[in-house]
Amino acid sequence: MNPEPEPLLSRLPEIVRGPVAEAIRDASWIKVRRALAAFELCAPTEQGPEVSIQILASFELESIAPALCLGLRCIPARAGLRIAPLNTIEQELLEPSSPVYAQPGLATVILWRADELLADQLYPSSASQAVGGVRQLLARIESMVERYLAASSVPLLLGTVPLPAALGGAPLGSRPRPAVARAIAALNAGLFDLAARSKQVHVLDVNWWAAQEGRAHYDLQMDFLAKQPFTVAAALSLGFFLARHLRPLIVPRRKVLAVDLDNTLWGGILGEDGIGQLKLGHDFPGSVYLRIQRELRELKAQGVLLILASKNDEASARQAFEQLPNMLLRWDDFVVRRVNFEPKYLNLRAAAAELGLGLDSFTFLDDSDFEREQMRTFNPEVLVLNERGHALHLLSGLLRTDAFDIHHLTEEDRIRHRDYELRAARSLPAESNLPAFLASLDLRAVLEPVQEGNFDRVVQMLGKTNQFNLTTRRHHLDEVKRLMAIPGAVGLTLRLVDKFGDQGIVAVLLAVPEGSPDSLAVDSFLVSCRALSRGAEEVLWAELANRAAAAGVRRIRAQYLATAKNGLVARLYDRLGLKRTAETSAGADYVLEPVQPSAFPGWISVEGNAP
Amino acid sequence: MNESDALRDLLVEFFQLPPGTAASALTQASVAAWDSLAMVQLITELQSAFGVEFELEEIERLTSYAEIRAALARRNIPL
């Protein structure tokens, strides 16, 4: 069975997909260069953001840099690599003035190699020597990482150590090889533990990657010529592996997976075969569908919203959920169920409107060539996960996709599903009884400064909020910290609680002094689309005005910067009572002067506000 | 000079030289980009393109079109 293609490749513009595929097929440096050149012909918007990556390694990676770059370009990102001199990992991390700290990039990547790291242990005269060496080494690495975390807020991708190919195949009897394998396993386990202690550290499991690549990744001649053992094919694969781990730092994950029923969650067609004939269970082929359900349930647990999009009679579909043996998924596991005979692209549009999400956060899994093609044509923003309809392709599409990649789940990710389930109950009735309805929700807004503990959520929201976002500034962590360190800066988060539960942080406002201390400028103002029309924006704005007035601020400036998606808030500042001072097609400038204390909406109780 | 010279074409594209560059101008001394880093990639490229494996002693000497051509000729590789 042919696997689904590399997920990064399937999204590339036409003019680079061919050259990249050729570079991979022929594993040729000339082809790699041609593919890199092809990216230059793409429109700037198709090339992705400009980012820089710092790589510290005990492999000499300069000679494979173009292959690594190609992987990163496929994110897509205009990635610049800075590769530190060979074997300077420790110096770079410990020296405060090193380029790692002086020129921080999007991420810092560390790639270790056993031949350097464990030089003494690779040829130990006793097994205890090998294991003892690992303990010391881990302690050293731990202090390097601690130093890094104290000096930088840039994410650290910490590589595991691949078992050297020349040792990996040694038979158990040929001691001391097993001691070496055990030492490397212990080292890698220690690296995982180390990474688990900080949200800023992510494991790059190079050992897993090398195992997948197998013996073919290792080239003895290269190792001696270039101080790195990778074949061209392996170098390209390593580039894609690295890209997959950097991508979540650039591209927000997709939030929704819409799935079909027949020949997707079970084998067979409900409307024709009847419940008794459907295939789902522990024997082939029902086992494939069971596994698909298991993967979907796992995704749900990771905060992906599941939607049913099936052309079936709803009552029969419900009955199948209740009566078909071995069903892992429940009817209620799906936040929206569109089981009808409407075109699926319309059903997904309706679901998007219902959830308050853009179609560009949707993915789609369906066995029907027709449905996938129609979806691609009419809703091109939706990412189709499988290329073909066979059940194994559905499964491999799910297993291989990078659409849901994320380094660390936040509390909001974990509760998202329940939150959207309750949305139906929360959804707003007709305009006339709106205040009464809002009052009936027992809304509570909890304000907190932007600070350690909520930085992750703030950066996440800055990165992915599209609709209610006045300036769409995608600040990274460093920038948020820098802004908040400016004397007089105001950073506020708002956590919304109602009678259904806690929705977590759903709104953020950042303002910094400009020119003089009595003038504030709003840098960012955004509200999650699942908290619209509850009063979050009024509360945040009133709190800003109150704090500013108390601090002697006389003027607040604010801007609306138009994007393709934020038309919703084009008139927000007019509604909040600011004066419009300039307007173009790119947006509008506003000012509030003088700044006076203002009241919170009557239907919402506020905690954490300034006295 | 053979017009369809696969080795010359490979070197010209590899070092991103003007298409008409003469084979005699393809030496490490006269091609600025032909440094030790490029050398490593070039060996891989040549071995893969012509299906050969160079000897260790040979690799050090592969610093011009003529040397590479001679090394390939020793293996009866037609150009």
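Residues numbered from 1 in each chain as written. Chains lettered and ligands numbered in written order. Predicted model: local features only at pLDDT ≥ 70, side-chain atom pairs only at ≥ 80, totals over all residues.

A. Layout of the overall build of chain A. For chain A, the helix and strand inventory stands at 27 helices and 18 strands. Relative to the globule expectation of 25 Å for 611 residues, the C-alpha radius of gyration of chain A, 27 Å, shows essentially globular dimensions. Considered along the principal axes of its C-alpha atoms, chain A spans approximately 80 × 70 × 50 Å. Buried residues in chain A amount to 41% of all 611 residues. (Helix = DSSP H or I, 4+ residues; strand = E, 2+ residues; numbered from the N terminus. Rg over C-alpha atoms; globule rule 2.2 N^0.38 Å. Buried ≥ 20, exposed ≤ 12 C-beta atoms within 10 Å, placed from the backbone.)

B. Representation of the overall build of chain B in the model. Across its full length, chain B carries four helices and zero strands. Radius of gyration (C-alpha) of chain B: 12 Å, near the 12 Å computed for a compact globule of 79 residues. Structurally, chain B occupies a C-alpha span of about 30 × 30 × 20 Å along its principal axes. Counting all 79 residues of chain B, 22% fall into the buried class. Taking all contacts inside chain B whose residues are at least 6 apart in sequence as the whole, residues at least 24 apart take part in 46%. (Contact = placed C-beta atoms within 7 Å.)

C. Structural detail: the sheet that holds strand β4 (residues 156-159) of chain A. Residues and elements named next belong to chain A. Here five strands make up an open sheet; going across it, the order is β2-β1-β3-β4-β5 and the pairing parallel. Taken across any chain shown, the strands that pair with only one partner, and hence form the sheet edges, are β2 (78-83) and β5 (201-204). For this sheet, the mean angle separating the axes of adjacent strands, direction not counted, is 25 degrees. In this sheet, β4 lies alongside strand β3 (residues 107-111) in parallel orientation, the contact comprising three bridges. Considered in β4, the bridge of T108 is made with L156. The strands touched by helix α4 (residues 65-73) within the sheet are β1 (50-57) and β2, with β2 carrying the most contacts at an inclination of about 145 degrees. (Pairing = 2+ DSSP bridges. Axes fitted to C-alpha atoms, helices over the stretch in contact; angles between N-to-C directions.)

D. Summary view of the interface of chain A and chain B. Contact residues are listed per partner, giving nine residues for chain A and nine residues for chain B. Where the side of chain A that touches chain B is concerned, the elements lending two or more residues are α3 (29-40) and α13 (220-226) of chain A. Across the side of chain A that touches chain B, the residue classes break down as six nonpolar, two polar and one charged. (Nonpolar A, V, L, I, M, F, W, Y, C, P; charged D, E, K, R; others polar.)

E. A look at the confidence of the model for chain A. Overall, the prediction assigns chain A a mean pLDDT of 89, with 93% of residues at 70 or greater. Within the model, the stretch residues 428-432 of chain A combines pLDDT values under 50 with four contacts to residues more than four positions away or in other chains. (pLDDT = per-residue confidence, 0-100.)

F. Just the environment of A:H417, in detail. All names here are of chain A. With respect to the helices, strands and loops of the structure, H417 is situated in helix α21 (residues 411-421). As for H417 and Q47, which are separated by 370 residues in sequence, their C-alpha atoms are 33 Å apart. Those residues in contact with H417, other than ones at most four positions away along the chain, are K300, G303, L305 and V335.

G. Spotlight on the sheet that holds strand β10 (residues 383-384) of chain A. Residues and elements named next belong to chain A. Strand order across the open sheet formed by five strands is β8-β7-β6-β9-β10, with parallel pairing between neighbours. Each edge of the open sheet is held by one strand with a lone partner, namely β8 (334-339) and β10. Bridging between strand β9 (residues 362-365) and β10 involves two bridges; their strand directions are parallel. Bridge pairing links T363 to L383 in β10.

H. Focus on the nonpolar core. Residues and elements named next belong to chain A. L70, L72, V109, L158 and L236 are the most contacted members of the largest nonpolar core, which totals 89 residues. Residue contributions to this core peak at 11 residues, all from helix α14 (residues 232-246). Leaving out residues up to four positions away in the same chain, L72 has contacts with I53, A77, A79, G239, L242, A243 and L246. A511, A536, L540 and L578 belong to the second-largest nonpolar core, a separate cluster that totals 46 residues. (Core = buried A, V, L, I, M, F, W, Y, C linked by C-beta atoms within 7 Å.)

I. Expanded view of the pairing of strand β6 (residues 256-259) of chain A. Residues and elements named next belong to chain A. Of the two faces of β6, both are covered, the one formed by V256 and A258 as well as the one formed by L257 and V259. With four bridges connecting them, β6 and strand β7 (residues 305-310) associate as parallel partners. From the neighbouring strand, L257 faces β7, where its bridge partner is L306. Examined bridge by bridge, β6 and β9 share four bridges and lie parallel to one another. In the strand pairing of β9, A258 is matched with F364.

J. Highlighting helix α2 (residues 36-50) of chain B. Taking 1.5 Å per residue as the helical rise, α2(B) with its 15 residues ought to reach 21 Å, and the 21 Å between its terminal C-alpha atoms agrees with that figure. Those residues of α2(B) not exposed but buried are B:V40, B:Q41, B:L42, B:I43, B:T44, B:E45 and B:L46. Where the residues of α2(B) are buried, they touch α3, α13 and α14 of chain A together with α1 (6-14), α3 (56-61) and α4 (65-74) of chain B. Looking one or two places after α2(B), you find B:G51, whose phi comes out positive at around 65 degrees. (Expected span 1.5 Å × (residues − 1).)

K. A look at unusual backbone geometry. Residue and element names in this part refer to chain A. Here the bond from I75 into P76 is cis, since omega is 0 degrees, no more than 30 degrees from zero. The residue P76 is located in the loop between α4 and β2 in this model. If you check the backbone angles, N87 has positive phi at about 60 degrees while not being a glycine. Turning to its location among the elements, N87 is positioned in the loop between β2 and α5 (89-94). For N326, which is not a glycine, the phi torsion comes out positive at approximately 75 degrees. Within the element layout of this structure, N326 appears in the loop between α17 (314-323) and β8. For N326, a count of 15 C-beta atoms within 10 Å puts it in the partly exposed group.

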